[in-house]
Amino acid sequence: MENAPATDSNALSGFIWKAANELWGDFKHTDFARIIIPLLLLRRLECVLEPTRALVLEQYEKEKDSGIDLNLILPFSSGLPFYNISQYTLESLGTTKTHANLENYVSKFSANVRVVFDEFGFSNTMLELQKAGLLYRITQQFASIDLHPDVVSDRTMSNAYEDLIRQFASSINEKAGEFMTPKDVVRLSTKLILAPDEEIFAEKGVIRSIYDPTCGLLGFITDAIDQITQLGSTAKIVPYGQELDPKTHAMALTAMLIRGYPSENIAQGSTLSIDHHADKRFHYGLANPPFGIKWEKDKAAVVKEHNDHGDAGRFGPGLPRVSDGSMLFLMHLVSKMERLENGGGRIGIVLSGSPLFTGDAGSGESEIRRWLLEQDLVEAI
């Protein structure tokens, strides 16, 4: 089957709407995103692995009975931190045993990819499509599109994910569209954080870490990596992040794996309750935490840390009202700044106007502002 290239957002959007039309009648529109997104991810992974697929299968056949941990050798064959050892592709699933063959295909990915499909509940989705008589038809549609990063950029894919979430938000996260940072805001924020270090990036052997505690689809992280690369820098960039929503986390994992970064650096869970990177500090922190969101689900953990650890913890300066957790994320980011002896840290955070004026004198918000100014941490607003 000849691949049909999708070289721009319009072409990819048209393809997605064609797939959505296939689902009308058999599925609610609120189901579309949870079905289409993992299929997009699967096809993108397939396109990335295609150049080394034969080599990986050859190496697998050679070593499968050797007792050697395949996770140690097959990534070298694939040239990426992941691999697949199934004989199937989307195009070769067949018409008679499509469901069983697709299950085999997905199960033969390395564990760091299988978690992506687990977070989407893709096994249930496959079964639903099979029962609706659509599985073979829709998988062949996805087999026909070229989603290799050389053809469809990360930015185009990210736009597609965001459009799907906005159009059919309730299947992923009903308020997801409210918290997607505009691309120009991402670009400006990242530029402001990185610009003072442009001379450092020209040096050899530079290592810099980037962190986003509400990483979403990795807009800040990927933009920072791209900006540093565009400077002609050979710096080693080590990205870290954490994302609350499992499905958004799955998309972020895929983006990191395709870029060749370790997926374990992108954690899943509530940053305020459990900091999965508690032992780490970073050179750059960037975030756009949700505006005006209550943190009552995290209250017990946050109050405990505040009381037990004081200034040694993340929330020592004070606690804002439960109706808005923005300033908790701000304090969290400050606590993650790299120490001066290791090069220092700089953070940028996108907030609404409320942290500037909410709370009377002596309130939690006021005490946090006072602390930030007394510590001379605020460079610009």
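That block above? That's the structure.
Residues numbered from 1 in each chain as written. Predicted model: local features only at pLDDT ≥ 70, side-chain atom pairs only at ≥ 80, totals over all residues. Heavy atoms only, no water.

## A word on the sheet that holds strand β7 (residues 346–349)
Then, number 1: In space, the five strands of this open sheet follow the order β5-β4-β3-β6-β7, with parallel pairing throughout. Each edge of the sheet is formed by a strand with only one pairing partner; in this case those strands are β5 (266–268) and β7. For this sheet the average axis-to-axis angle between neighbouring strands, irrespective of direction, equals 15°.
Then, number 2: Relative to strand β4 (residues 236–243), strand β3 (residues 207–212) runs parallel, the two sharing six bridges. Bridge pairing in β4 links Ser 209 to Val 238.
Then, number 3: In the packing of helix α13 (residues 246–258) onto the sheet, contacts are made with β4 and β5, and the angle to β5 comes to roughly 165°.
Then, number 4: Most of the contacts of helix α15 (residues 326–335) go to β7, to which it runs at about 165°, and overall it touches β3, β6 (284–287) and β7. (Pairing = 2+ DSSP bridges. Helix = DSSP H or I, 4+ residues; strand = E, 2+ residues; numbered from the N terminus. Axes fitted to C-alpha atoms, helices over the stretch in contact; angles between N-to-C directions. Contact = heavy atoms within 4.5 Å.)

## Looking at the side chain of Asp 324
Then, number 1: By the element assignment, Asp 324 lies in the loop between α14 (299–309) and α15.
Then, number 2: One buried charged side chain, Asp 324, makes no salt bridge at all; its nearest oppositely charged neighbour is Arg 321, positioned 7.8 Å away.
Then, number 3: Side-chain polar atoms of Asp 324 contact the backbone nitrogen of Gly 292, separated by 3.4 Å.
Then, number 4: A polar contact of 3.1 Å, which involves the side chain of Asp 324, links it to the side chain of Ser 354.
Then, number 5: Apart from the residues within four sequence positions on either side, Asp 324 is in contact with Phe 291, Gly 292, Ile 293, Trp 295 and Ser 354. (Buried < 20%, exposed > 50% of the residue type's maximum accessible area, 1.4 Å probe, protein only. Lys, Arg positive; Asp, Glu negative; His and termini not counted. Salt bridge = Lys/Arg side-chain N within 4 Å of Asp/Glu carboxyl O. Polar contact = N/O pair within 3.5 Å; in protein donor to acceptor, adjacent residues only side chain to side chain.)

## Considerations on the nonpolar core
In summary, soluble globular proteins display a tendency toward joint burial of nonpolar side chains.
Then, number 1: Among the nonpolar cores identified, the biggest contains 76 residues, and Ile 36 and Leu 40 are the most heavily contacted of them.
Then, number 2: Sort the elements by how many residues they give to this core and helix α2 (residues 32–49) lands first, with 13 residues.
Then, number 3: Residues in contact with Leu 40, not counting those within four places in the same chain, are Leu 12, Phe 15, Ile 16, Phe 142, Leu 147, Met 157, Tyr 161 and Leu 164.
Then, number 4: Counting 13 residues, the second-largest nonpolar core is a separate cluster that includes Leu 272, Met 327, Leu 330 and Met 337. (Core = buried A, V, L, I, M, F, W, Y, C linked by side-chain atoms within 4.5 Å.)

## Points about a nonpolar patch on the surface
Then, number 1: Together, Leu 356, Phe 357, Leu 373, Leu 377, Val 378 and Ile 381 line one region of the surface with nonpolar side chains, adding up to about 670 Å² of accessible area.
Then, number 2: Looking at the element boundaries, Val 378 is found in the segment after α17 (364–374). (Patch = residues over 30% accessible without salt bridge, like charges linked within 9 Å, V, L, I, M, F, W, Y side chains within 5 Å. Areas by Shrake-Rupley, 256 points an atom, 1.4 Å probe, with all protein chains shown as cover.)

## Points about helix α1 (residues 9–23)
Then, number 1: An ideal rise of 1.5 Å per residue puts 21 Å on 15 residues; α1 measures up with 21 Å between its terminal C-alpha atoms.
Then, number 2: All of the buried residues in α1 are Leu 12, Phe 15, Ile 16, Ala 19, Ala 20, Glu 22 and Leu 23. Each buried residue of α1 sits inside an arc of 150° when the element is viewed along its axis, so together they form one side. Away from the buried face of α1 by more than 90 degrees, exposed residues Asn 10 and Lys 18 are located.
Then, number 3: As for α1, its buried residues are in contact with α2, α7 (122–131), α8 (135–143), β2 (145–146) and α9 (154–167).
Then, number 4: One or two steps after α1, the chain reaches Gly 25, where phi turns positive at roughly 95°. (Expected span 1.5 Å × (residues − 1). Arc of directions from axis to C-beta.)

## Some words on the pattern of salt bridges
Then, number 1: For the coordinates displayed, the defined rule picks out 19 salt bridges.
Then, number 2: Linking Arg 155 and Asp 223 is a salt bridge whose minimum nitrogen-to-oxygen distance equals 3.3 Å. Of the two residues, Arg 155 is situated in helix α9 and Asp 223 in helix α12 (residues 219–230); the sequence distance between them amounts to 68 residues.
Then, number 3: Overall, Asp 223 belongs to the buried group, its relative accessible area being 2%.
Then, number 4: A salt bridge links Glu 365 to Arg 321, with the shortest nitrogen-to-oxygen separation between them at 3.0 Å. Within this pair, whereas Glu 365 is found in helix α17, its partner Arg 321 is found in the loop between α14 and α15, the two being separated by 44 residues in sequence.
Then, number 5: Among the ionic contacts, a cluster of salt bridges with common partners joins Arg 44, Asp 154, Asp 226 and Arg 259.

## Focus on the pairing of β6
Then, number 1: Side chains of β6 alternate between two faces, with Tyr 284 and Leu 286 and Gly 285 and Ala 287 buried alike.
Then, number 2: In terms of strand pairing, β6 meets β7 through four bridges, oriented parallel. Counted as the bridge partner of Leu 286 is Gly 348 from β7.

## As for the side chain of Thr 139
Then, number 1: Note that Thr 139 resides in helix α8.
Then, number 2: Thr 139 sits in the buried class, given a relative accessible area of 0%.
Then, number 3: There is a polar contact of 2.9 Å between the side chain of Thr 139 and the backbone oxygen of Tyr 136.
Then, number 4: For Thr 139, the contacting residues outside a window of four places in its chain are Leu 90, Leu 93, Thr 98 and Leu 102.

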